[in-house]
Amino acid sequence: MPSRLTKQIRYFAASRHNQRKSPFFVVEGFRVCREALTRRPEWLEGCVCAAEFLDGPEGQELLSLLRVHHLEPEVVSSGEFASLALTEGPQGVIMTLTKPAVATPKTLPAPCTLILDQVREPGNVGTILRTAWAIGLKQVWFTAGSADPWSPKVVRSGMGAQFAIDTHVFADLPAAVQEFRNLGGKDVWCAMMKAEVTMFSEAFRPVGGAIVMGNEGNGITMPEVGTAVTIPMPGQAESLNVAQATTLLLFEALRRSNAF
């Protein structure tokens, strides 16, 4: 008979609707599960492992981490685990975790605030979260209509970034900018294809400011909320992928913060 935990996993995997409405989310694979246990053990609801996974070194390491928190995995056969896995190549371990409560930010992150305005492609959002993690951002802000940061594809692309970064969701871009102003934020910079200010200009002041990245096809919903900034592209490419563009702007903000 299926356990409560395996029923939860199957429910979550059944549809995007279930994933958005569910109070929990699912992560799969040793590296991401290890990050979850290391950084957010209080979120853990349950863990399912394939029996053969626990026989290997990664399984033994994960088992030790679980037992630090007085937890034991549910062990299933390889066949049953394959039927639960969300990926084509099962990695031997799946965890269910409680989604964090939606909260309003109390402070602004350094070196800048990143606002994703209806960025919808899960792979892009996960990659952006990983980049934000790499530069030390503690928060990433979203507007409604963006990809769910707790969806399986975003979690896989983020490689654990969700456990190191607080995510905040706002009704729309003006609401996010208003909160940014309320917390003492400075300039708002809207990444655009064409603008007088480039990311290399002295006029670009990202430190203490907000960088807004728009939807993959339609761009920023209300670019008038800030000043346009562009990434020079002397070549013939029409545009950069939003995750690539975000990476360039975030590392430029890091460089200008004199952190190194």
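Residues numbered from 1 in each chain as written. Predicted model: local features only at pLDDT ≥ 70, side-chain atom pairs only at ≥ 80, totals over all residues. Heavy atoms only, no water.

1. Re the pairing of strand S7 (residues 166-170)
Worth spelling out the cut-off: DSSP-based pairing: two strands are paired if at least 2 bridges between them are found. Working definition: helices are DSSP H or I runs of at least four residues, strands are E runs of at least two. Numbering for both runs from the N terminus. Orient the strands so they point away from the viewer, and a crossover whose first-strand-to-second-strand path over the helix runs clockwise is right-handed.
Pairing geometry for strand S6 (residues 139-143) and S7, over 5 bridges, is parallel. By the bridge assignment for S7, Gln139 is matched with Asp166. Viewed along the sheet, the connection from S6 through helix H8 (residues 152-158) into S7 turns out right-handed.

2. Quick notes on helix H1 (residues 4-14)
Heads up, the condition is: Only protein chains enter the area calculation, which uses a 1.4 Å probe; residues under 20% of their type maximum are buried, those over 50% are exposed, and those in between are partly exposed. Throughout, the arc means the angular range of directions from the helix axis out to the C-beta atoms.
Among the residues of H1, those classed as buried are Leu5, Thr6, Gln8, Ile9 and Phe12. Along the long axis of H1, the arc covered by the buried residues comes to 155°, so they all point the same way. Facing away from the buried surface of H1 by more than 90 degrees, the exposed residues are Arg4, Lys7 and Ala14.

3. Some remarks on the packing of helix H3 (residues 30-39) against helix H5 (residues 57-68)
As a reminder of what qualifies: Angles shown run from 0 to 180 degrees and are taken between the N-to-C directions of axes, each axis being a line fitted to C-alpha atoms and, for helices, limited to the stretch in contact. Each angle receives one of four descriptions, namely roughly parallel if under 35 degrees, roughly antiparallel if over 145, roughly perpendicular if within 65 to 115, and oblique otherwise. Crossing handedness follows the turn of the near helix against the far one: under a right angle anticlockwise gives a left-handed crossing, and clockwise gives a right-handed one. Every residue pair with non-hydrogen atoms within 4.5 Å of one another is taken to be in contact.
Contact pair H3 / H5: the axes reach a minimum separation of 10 Å and the direction vectors enclose 20°. Judged on the interaxial angle alone, H5 and H3 are roughly parallel. H5 is crossed by H3, and the crossing has left-handed handedness. Counting all contacts with H3, which are made through Phe30, Cys33, Arg34, Leu37 and Thr38, the residues of H5 involved are Glu58, Glu61, Leu62, Leu65 and Leu66.

4. Topic: the pattern of salt bridges
Worth spelling out the cut-off: Salt bridges are counted wherever a side-chain nitrogen of Lys or Arg sits within 4 Å of a carboxyl oxygen of Asp or Glu.
Per the stated rule, a full pass over the model turns up 7 salt bridges. We note a salt bridge from Glu72 to Arg67, for which the minimum N-O separation is 2.8 Å. Of the charged contacts in the structure, one is a salt bridge between Asp187 and Arg205, with a shortest N-O distance of 3.2 Å. Taken together, the residues span a long stretch of sequence, with Asp187 in the loop between helix H9 (173-182) and strand S8 (188-191) and Arg205 in the loop between strand S9 (197-198) and strand S10 (210-213) at a distance of 18 residues. Accessibility expressed as a relative area gives 45% for Arg205, which makes it partly exposed.

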